[in-house]
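An overview of the molecular structure
So you can see what is in the structure, the chains are spelled out below.
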Amino acid sequence: VNGNQERGWNDPPQFSYGLQTAAQGAPKRTPLNKRVPPPQLTGSPCPVPGDFPSATAPMTPPTNPLAPPCSMNTPPRPCPVAAPPLGGVMATPPPPFPVVEHTDSASSQSENEPDVDDVVTLLNWALTACRHTVKKQVCNDVAKRLKLFEDMWKSGKLSLPVRRRMIGLVQELKSCNWDAADEIHRALIVDHVNEVGQWMVGVKRLIAETRNLNPDLLHTQEVDQSLDTSSAGNSD
Amino acid sequence: MATYQEFIQQNEDRDGVRFSWNLWPSSRLEATRLVVPVSCLFTPLKERPDLPPVQYEPVLCSRANCKAVLNPLCQVDYRAKIWACNFCFQRNPFPPSYAGISDVNQPAELMPQFSTIEYIVQRGPPNPLIFLYVVDTCLEEEDLQALKESLQMSLSLLPPNALVGLITFGRMVQVHELSCEGIAKSYVFRGTKELSSKQIQEMLGLTNPSASGPQGRPAAPQDPAVTCRFLQPVHKVDMNLTDLLGELQRDPWPVPQGKRPLRSTGIALSIAVGLLEGTFPNTGARVMMFMGGPPTQGPGMVVGDELKTPIRSWHDITKDNARHLKKATKYYDALANRAAVNGHSIDIYACALDQTGLLEMKCLSNLTGGHIAMGDSFNTSLFKQTFQRVFSKDHNGEFRMAFGGTLEVSTSRELKVSGAIGPCVSLKAKGPCISENEVGVGGTTQWKICSLSPSTTLALYFEVVNQHNAPIPQGGRGAVQFVTQYQHSNTQRRIRVTTVARNWADAQSQIQHIESSFDQEASAVIMARLGVFRAESEEGPDVLRWLDRQLIRLFMFHLRRSPFLQVFNNSPDECSYYRHHFVRQDLTQSLIMIQPILYSYSFHGPPEPVLLDSGSILPDRILLMDTFFQLVIYHGETIAQWRKAGYQEQPEYENFKHLLVAPVDDAQEILQTRFPMPRYIDTEHGGSQARFLLSKVNPSQTHNNLYSWGQETGAPILTDDVSLQVFMDHLKKLAVSSAA
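Residues numbered from 1 in each chain as written. Chains lettered and ligands numbered in written order. Predicted model: local features only at pLDDT ≥ 70, side-chain atom pairs only at ≥ 80, totals over all residues. Heavy atoms only, no water.

In the annotation of an unreviewed UniProt entry, the entry for chain B reads Protein transport protein SEC23, and the organism field reads Oncorhynchus mykiss. According to its UniProt record, chain B has this under Function (unreviewed entry): "Component of the coat protein complex II (COPII) which promotes the formation of transport vesicles from the endoplasmic reticulum (ER). The coat has two main functions, the physical deformation of the endoplasmic reticulum membrane into vesicles and the selection of cargo molecules for their transport to the Golgi complex." Under Sequence similarities (unreviewed entry), UniProt gives the following word-for-word description of chain B: "Belongs to the SEC23/SEC24 family. SEC23 subfamily." (UniProt positions renumbered as here; feature names shortened; annotations may be inferred.)

Under an unreviewed UniProt entry, the name given to chain A is Steroid receptor RNA activator 1, and the source organism is Oncorhynchus mykiss. According to the UniProt record, the Sequence similarities (unreviewed entry) comment for chain A reads "Belongs to the SRA1 family." In UniProt, chain A has this text filed under Subunit (unreviewed entry): "SRA1 RNA exists in a ribonucleoprotein complex containing NCOA1. The RNA also forms a complex with PUS1 and RARG in the nucleus. Interacts with AR."

Structure representation (structure tokens):
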């Protein structure tokens, strides 16, 4: 995603939370840290240590950067322009076909449109369990935000990536994978703060409170009932 | 270890240390002939994924004015269970818990591969980290909305048990109570009235007059009644704070035509510092200040509210026409020192199209280790992602930020410490290793670094004090020990100890060996830091004259070209911003700032580094330039025409598409991880943004500007074709001039 060129000149592109997190943990793929000695060396008698070492592996000596002019480097003409060298293919271009870029990688997942009720049911399952021990004020505040989330979904205000990722989040919640659910909430609020900013903190709190519950509370009769019913019942 | 290059690299990888000289001249007289002193770059918390911390206290030398830590250089008598300190030669008994050690059962800290080792220690109850947001509300609506969203988002990124607080300011300053229930309250302060720390604490109700002890004394930090109102655990107040942030309005005070909004930044900061001082002294805390323009009222104002009076430029400053500069700088300097004393760091996130006063305020971050981020608007990915990366985590999933750091340096007796340059303040500790010649922050062997990251790097300067005729045993080594105590982001207290040694050499007979141990890159950065330090603390022309005297003109010219001393092409704020990053980054990043990296992409082979020279700009090449602050992708003339004609869309020209994408892909890694986020410039031959590349490769522009600025340069510049390599060669040759 491109940066905001209206507000900031040369604004860098925006990366997703997941991409940045992965990049920060991993070693560099192609370190760009080499320099070239200039042609005019002063001929010092001593060996020159620290000769632009790379930060990682020992490097091979740099090659002469000024390669001879390419034979295909025809003088520029306004129109038609000399074509770039072909990758071993005949000069006559085949009929072009459009290249469509899929911005939503989730299209490879299930083709079914995510169902809001599935998500809300699971969220309410967790909230119901919390009501035993967590302060009423807090639970009501969470419920208020879950309602906002539901309303936004139903009125089409949430984009597909957000909806898909919320499905993933509640699945992790159901499986008691608290860290995974937490990480999804974090990715969502970083990547889509304008959509989720008002209600996501309720989900965040829900995860935090649910993980601290006595596991027995997660499977009381009334809780399981709320999971079984097809329509999400807000008991309060 | 065949070459010095390998030796240098291995030592950097293991200990985070790069010395200017890796063989030290054994006498003071010889050492003073070195233009580059014995000095090093040191990265206290260099990432060491392979170094597991040990869970016990370090063993210290018992001599009162030594206190060095047991290390691999110490002589050990395993039978008598005694060790000899390699710094002061005191013989110390091992503690009882070491009864079982032997030469085949060594504790880790004695093994050579643990020249760097980290200890986890128990020092009282763990203190939570504190994040205090100080937010300017004199922003345009779009900017405020974007900032609010970033702050809401950050609540999900904070360490879970952290305490969080909110101060907003415009014409007035509001300290918000973050109660869990009921109506949100705030305490309002006038933006013009300077208050003492005690007065601030009283007005916020932080002092308890009925408590035993002197009147007006702040209550103990652990007292929940005192702390609960303004600094609350984020896991308790995240929902309320999200709403509170969402409801923040622009400063209601109307801004007349031709005027700037009244911003009381100085008072807002003073309240933030005073609040933390009174509640959590000596605990890791970050004040994070977000501002969209300069301070325009109250103490610390940088410019008045009349738009027709522009904010000071370099021209104003040299003409002594910047009326608020001295007073404002002094004001923020005092605040910075107070914060540093308490171990609190201050970040500045300044987003505006014009200057915001970084020149006056930079000490707030430079002295405390806080960040400075500079952008055009809060509604840019540059700000948003830079801010996100403050909370970045390492491969272990732990936050990279660390707090409350102190660094103590011990040296063997032939060496003394002249000082340090980096994001630190002096702890003014007296000791036997202190040199009388001060370089940077001197007069001490202990410094405080309130906030640090794995890349934070200090430059340390030493003095050889051994007398000319005093013998040093053949093969004798000098040693330096760095002891860094800090609070890890998981609130553990840790101590990292690095002990290094280098051989002494007689300069008379071994001058060639000493020369071959010279680390050009480290020396370049070390001397450049010294130049920048002097430029910041003294008048500009004096620094350049000092450079003229100290070093060769080539070096001076090269440094002149850099953005650190090249003030005429950058505003005072921009200079402050670049210098802030230069004096704290590690060696690799610092070198990029002095001489940017240039890679060339073509059909003729894999991407290759090329000279930062106009001769590298060719029609059929794509260039990727990294200046640290900018990433520039420049398309040569022919490439640009092909791109415009759309060949990359055609399947049979897929190789061209790959060529276009290659530099973008390589830039991605840098863009995804660098802090701060760099600007990203995609340009081409004839493009307006091409100047970013052209100004770096073409020195003649700079050359002319030098003279138009009216600086006295002394002798003429030698040549326009000066490069890092050439200057380094000259530096090396002239650095050792024993033959006078």
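There is more to say, and it comes next.
A closer look at the overall build of chain A
Regarding its fold elements, chain A presents 8 helices and 0 strands. Seen in sequence order, chain A has helices and strands lined up from the N terminus as α-α-α-α-α-α-α-α. Within chain A, buried positions represent 39% of all 236 residues. Restricting to contacts in chain A with at least 6 residues of sequence separation, those with at least 24 account for 69%. When the accessible surface of chain A is split by element, carbon and sulfur atoms take 56% of a total near 13,500 Å². (Helix = DSSP H or I, 4+ residues; strand = E, 2+ residues; numbered from the N terminus. Buried < 20%, exposed > 50% of the residue type's maximum accessible area, 1.4 Å probe, protein only. Contact = heavy atoms within 4.5 Å. Areas by Shrake-Rupley, 256 points an atom, 1.4 Å probe, with all protein chains shown as cover.)

Observations concerning helix H11 (residues 381–389) of chain B
With 8 of its 9 residues buried, H11(B) lies for the most part within the structure. Looking at H11(B), one finds that the buried residues are B:Ser381, B:Leu382, B:Phe383, B:Gln385, B:Thr386, B:Phe387, B:Gln388 and B:Arg389.

Observations concerning unusual backbone geometry
Residues and elements named next belong to chain B. Residue phenylalanine 675 is joined to proline 676 through a cis peptide bond whose omega torsion reads 0 degrees. Here proline 676 lies in the loop between helix H19 (654–673) and strand E27 (679–684). The backbone phi angle of lysine 81 is positive, close to 55 degrees, even though this residue is not glycine. By the secondary structure assignment, lysine 81 is in the loop between strand E4 (75–77) and strand E5 (82–84). For lysine 81, a relative accessible area of 24% translates into the label partly exposed. Here the phi dihedral of aspartate 320 falls at roughly 60 degrees; this positive angle occurs in a residue that is not glycine.

Comments concerning the pattern of salt bridges
Taken as a whole, this structure holds 38 salt bridges over all chains when the rule is applied. A:Lys204 is the partner of B:Asp238 in a salt bridge, and the nearest nitrogen-oxygen pair spans 2.9 Å. Placement of the pair is B:Asp238 in helix H6 (residues 234–246) and A:Lys204 in helix H7 (residues 200–211), with the two residues belonging to separate chains. Judged by relative accessible area, B:Asp238 falls into the buried class, the value being 2%. The partner of B:Glu306 in a salt bridge is B:Lys259, and the shortest N-O contact between them spans 3.4 Å. In this pair, B:Glu306 is assigned in the loop between strand E13 (285–291) and helix H8 (314–318) and B:Lys259 in the loop between H6 and helix H7 (265–279), connecting sequence segments 47 residues apart. The exposure class of B:Glu306 is partly exposed, given its relative accessible area of 29%. A relative accessible area of 28% places B:Lys259 in the partly exposed class. Within this structure, A:Asp141, A:Lys144, A:Arg145 and B:Asp243 form a network of salt bridges that share partners. (Salt bridge = Lys/Arg side-chain N within 4 Å of Asp/Glu carboxyl O.)

Remarks on the packing of helix H13 (residues 520–537) of chain B against helix H17 (residues 587–594) of chain B
All names here are of chain B. The contact between H13 and H17 brings their axes to 10 Å, and the two run at 70 degrees. What the angle tells us is that H13 and H17 run roughly perpendicular. The residues of H17 that touch H13, namely those facing Glu521, Ala522, Ala524, Val525 and Ala528, are Leu587, Ser590, Leu591 and Ile594. Across the contact of H13 with H17, the residue classes break down as 7 nonpolar, 1 polar and 1 charged. (Axes fitted to C-alpha atoms, helices over the stretch in contact; angles between N-to-C directions. Parallel < 35°, antiparallel > 145°, perpendicular 65-115°, else oblique. Nonpolar A, V, L, I, M, F, W, Y, C, P; charged D, E, K, R; others polar.)

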